[in-house]
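Next come the chains, spelled out residue by residue.
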Amino acid sequence: MTYTSLPTSNKPNASNSRANSGISARAGRPLIRSGMQPNRSGQQNSGLNNRRKVTYEKKLPTARPTGNTPNTSGYGGNCGTASGCNYNAETIFKPNNERFMVQGAVDSSDRITRLKLNTIRSGRRCGPSQLQACRGIYRTGDAQTAAESVSWPSPNNDYDKIKYKTKFNSSFYRPILFPRQFHEYNEDGKQIHYSPYNGKVLDGPLYTDNGFWDTFRAVFPFYTILYPEKLGEIMQGIMVNPYKESGWLPEWSSPGHRDCMIGSNSASIIAEAYIKGIENFDINTAYNGIINSSENEGPVSSVGRKGAFEYNKLGYIPFDSSINENVARTLEYAYNDFSIWKLAVELDRPKDEIRLFKERAYNYKNVFDSSTNFMRGKLKNGNFQSPFVPDAWGGAFTEGSSWHYTWSVLHDPQGLINLMGGRKDFVKKLDQVFTSEPTSDYSYYGFKIHEILEMELLNMGQYAHGNQPIQHAIYFYNYAQEPWKTQEKIRYVLDNLYGAEPDGYCGDEDNGQTSAWFLFSSLGFYPVAPVTMEYIIGSPLFEYAEISLPNGKKFIIDSSENSIENIYVHGVKLNEKYYNKNSLSHIS
């Protein structure tokens, strides 16, 4: 896939935006080849507007269609040995040609998909004579200007080139540290494990040390591309066997059920894996576990659904109930129900069951206050909680405030746009996330928790990249036809909020999630809502990336005009054909 990029001064204008996926690489100019292996996954690409040339060439297997998946305007390895899979990556860095390679396992197929992007730089405003170039593939609206305050490091020294390599390799390393293998092999080479759930020694795999509240967002999507065959075994060992042994799907295992965080995000991980064609695990048992979690509270608040009765009856968890973090739980359960809906369709479940979870997927609307355009606590009588303080952390929210959770509608950004009164009001509110002062009411905690301090230090307003709930929101500009804002903010985050030193993370890294955000974003796309099989296009950090999949297919991202200044995507080609979408699909 090829991108044409613009400098940061030529900001594109509004137009169609949809989100899907792609893979890119070369910021400075490293060449990245990653061994990725989707079982049957293909990916498409998206269009952007600026002058950088990025070529995505990918070789992915085809995933099974999910059927009746709405577009974004609505809802949008089996290693076989006791030693396990070899995750060690060979890295080659050549300063002369400014390339580095991360090589993974590759097999014999030869199908290649190429994504090419042209990019342009910042620093100047698009005048009437330049309007067409600034618009790129977008044909409506006025050209925009890039943020003058963003400073980009010089790409013309060896330190910067090594820095990008270090950041990428560090981010590649951390997601594959987890989950940890908790099983071993007996004298016959058979997998056995000690169960922390029931104290017995049992057959089969077991994996642990993973918090799904974090990792459902980008880590498991990363596995579906790189290690789909291994992921089936992991799903059996981290989802199915724990459910068999404890009666509950885990949400945070370490090594057994840990009472930590919220949501039932195991539903997203299971649904995404199966929908993307990973079937070498017991999906029926996993689905039974999902349904059990959706209907019941567990023995600890991290399993099942705390507030399940209220949520299923009212469509939200009331603020004046005994259940804390009620708005955050409501929003996460809605996305989890979307995941169940899509999986239920795939499994051909009864129509009434499918309809139930489809309806629940819209429950996010029940905690949206149109008078403020914020998500807000709601009382049992249907009134909103008052007084409302949008920067109040905790209480109705989890490690964040309404500034962060208002965007927790991963699966239906167009629905959120509609609730806010349309595209312009949506963009205005999203802009305010980055322009407002980083204030916080921390009275719920009694002190500033580290996530608040980290947000204050980032100098990006209310945007808190050091924690997971809002990390996807930068990509929401794509849905509102202003993808250049996604592009400029992504590049700022990649350059400024990740470092090459020991203190290189700006906050919680959490089992590889913040690293996986860097991996996807540096390659040029991100899975905002993993179950949709879409990847939203951003602004790749590298000039060239080649992802070699275990099935032998390749996906190449070519952005040869990409640079520290050329951050805006001006045009996109997929397999040498012009591509006019803002997203890529896992099914190519």
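This text goes with the structure placed above it.
Residues numbered from 1 in each chain as written. Predicted model: local features only at pLDDT ≥ 70, side-chain atom pairs only at ≥ 80, totals over all residues. Heavy atoms only, no water.

Visitor: Would you take a moment to explain the overall build of the chain for this structure?
Guide: On a plain count of helices and strands, the chain comes out with 16 helices and 24 strands. The burial tally for the chain puts 64% of its 588 residues in the buried class. (Helix = DSSP H or I, 4+ residues; strand = E, 2+ residues; numbered from the N terminus. Buried < 20%, exposed > 50% of the residue type's maximum accessible area, 1.4 Å probe, protein only.)

Visitor: It is not clear to me how the sheet that holds strand β19 (residues 534-537) should be interpreted in this structure. Could you clarify?
Guide: Taken in spatial order, the three strands line up as β18-β19-β24 in an open sheet, and their pairing is antiparallel. Of all the strands in the sheet, just β18 (525-526) and β24 (583-585) have a single pairing partner and so form its edges. As defined by bridge partners, β19 adjoins β24 across three bridges and the pair is classed as antiparallel. For E534, the partnering residue across the bridge sits in β24 and is S585. (Pairing = 2+ DSSP bridges.)

Visitor: Explanation requested: the nonpolar core in the structure shown.
Guide: Nonpolar side chains in soluble globular proteins tend to be buried together. In terms of nonpolar packing, the biggest core is built from 135 residues, with I270, F281, W407 and F426 touching the most fellow members. Looking at this core, the element that brings in the most residues is helix α9 (residues 326-346), giving 11 residues. (Core = buried A, V, L, I, M, F, W, Y, C linked by side-chain atoms within 4.5 Å.)

Visitor: Just checking my understanding: could you explain empty space enclosed by the protein for this structure?
Guide: Think of a ball as big as a water molecule: rolled over the atoms, this probe shows where empty space is left. By volume, the largest cavity amounts to about 80 Å³. Lining the largest cavity are F216, R217, N265, L331, E332, Y335, Y405, S408 and L410. Counting residues per element, the lining of the largest cavity draws most heavily on α9, which supplies three residues. Broken down by class, the residue content of the lining of the largest cavity amounts to five nonpolar, two polar and two charged. Space inside the second largest cavity adds up to approximately 50 Å³. (1 Å grid on protein atoms, 1.4 Å probe; cavity = no way out; pocket = protein on both sides within 12 Å on 5 of 7 lines; lining within 4 Å. Points joined across faces, edges and corners; volume = space filled by probe spheres on them. Nonpolar A, V, L, I, M, F, W, Y, C, P; charged D, E, K, R; others polar.)

Visitor: What is the right way to read helix α6 (residues 266-275) from this model?
Guide: Taken across its 10 residues, α6 has 10 buried, putting it largely inside the fold. The set of residues buried in α6 consists of S266, A267, S268, I269, I270, A271, E272, A273, Y274 and I275. As for α6, its buried residues are in contact with α3 (212-215), α4 (219-226), α5 (228-246), α7 (283-295) and α9. G277, located one to two residues past α6, shows a positive phi value of around 95°. (Contact = heavy atoms within 4.5 Å.)

Visitor: Sorry, what's going on with the packing of helix α2 (residues 158-173) against helix α16 (residues 513-523) here?
Guide: A pair of packed helices can be characterised by two numbers: the angle between their axes and the separation between those axes. α16 packs onto α2 with a crossing angle of 130° between their chain directions and a minimal axis gap of 8 Å. Here α16 runs oblique to α2, going by the angle between their axes. Crossing of α2 against α16: the hand is left-handed. From α2, K167, F168, S170, S171 and F172 reach across to α16, where they touch S515, F518, L519, S522 and L523. (Axes fitted to C-alpha atoms, helices over the stretch in contact; angles between N-to-C directions. Parallel < 35°, antiparallel > 145°, perpendicular 65-115°, else oblique. Left-handed = near helix turned anticlockwise from the far one by under 90°.)

Visitor: Would you mind going over the packing of α5 against α6 with me for this structure?
Guide: Where α5 meets α6, the closest approach of the two axes is 11 Å, and the angle between their N-to-C directions is 150°. The orientation of α5 relative to α6 falls into the category roughly antiparallel. The two elements α5 and α6 cross, and the hand of that crossing is left-handed. Contacts between α5 and α6 involve L231, M235 and M239 from the first element and S266, I269, I270 and A273 from the second. Of the residues in the contact of α5 with α6, the class split is six nonpolar, one polar and no charged.

Visitor: Help me out: how do you make sense of a nonpolar patch on the surface in this one?
Guide: A grouping of F182, Y194 and V201 is seen on the molecular surface, where their side chains present a nonpolar patch of about 310 Å² in accessible area. Residue placement: F182 occurs in the loop between β9 (180-181) and β10 (183-185). (Patch = residues over 30% accessible without salt bridge, like charges linked within 9 Å, V, L, I, M, F, W, Y side chains within 5 Å. Areas by Shrake-Rupley, 256 points an atom, 1.4 Å probe, with all protein chains shown as cover. Salt bridge = Lys/Arg side-chain N within 4 Å of Asp/Glu carboxyl O.)

Visitor: What exactly am I supposed to notice about the pairing of strand β21 (residues 554-559) here?
Guide: Here is the key point about a regular strand: its side chains alternate between the two faces of the sheet. Burial analysis of β21 places five of its six residues in the buried class, which makes it a mostly covered element. Of the strand pairs in this sheet, strand β20 (residues 544-548) and β21 are connected by five bridges, and their pairing is antiparallel. Opposite E546, over in β21, you have I556 as the bridge partner. Taken together, β20 and the strand that follows it, β21, pair antiparallel across an intervening segment of five residues, in which G552 is found at a positive phi of about 90°.

Visitor: Before we go on, may I ask you to explain the sheet that holds β10 in this structure?
Guide: Remark on secondary structure: sheet strands pair via backbone hydrogen bonds, oriented parallel or antiparallel. The antiparallel open sheet is built from three strands, whose spatial order is β10-β11-β12. The open sheet terminates on both sides in strands that have one partner only, identified here as β10 and β12 (201-203). Taking the axes of each pair of neighbouring strands and ignoring which way they run, one obtains an average angle of 35° across the sheet. Across three bridges, β10 lies against strand β11 (residues 191-194) in antiparallel orientation. Its bridge partner being in β11, Y185 is matched across the sheet by Q191.

Visitor: Is there a simple way to explain the pairing of strand β22 (residues 566-574) in this structure?
Guide: With eight of nine residues buried, β22 lies mostly within the body of the structure. Alignment of β22 against strand β23 (residues 577-578), held across two bridges, turns out to be antiparallel. Across the sheet, residue K573 finds its bridge partner in β23, namely Y578.

Visitor: What exactly am I supposed to notice about the side chain of H411 here?
Guide: Along the chain, the position of H411 falls in the loop between α11 (402-405) and α12 (413-419). At a separation of 2.8 Å, a polar atom in the side chain of H411 contacts the main-chain carbonyl oxygen of A361. (Polar contact = N/O pair within 3.5 Å; in protein donor to acceptor, adjacent residues only side chain to side chain.)

The quantities given are spatial measurements derived from coordinates; they are silent on function.
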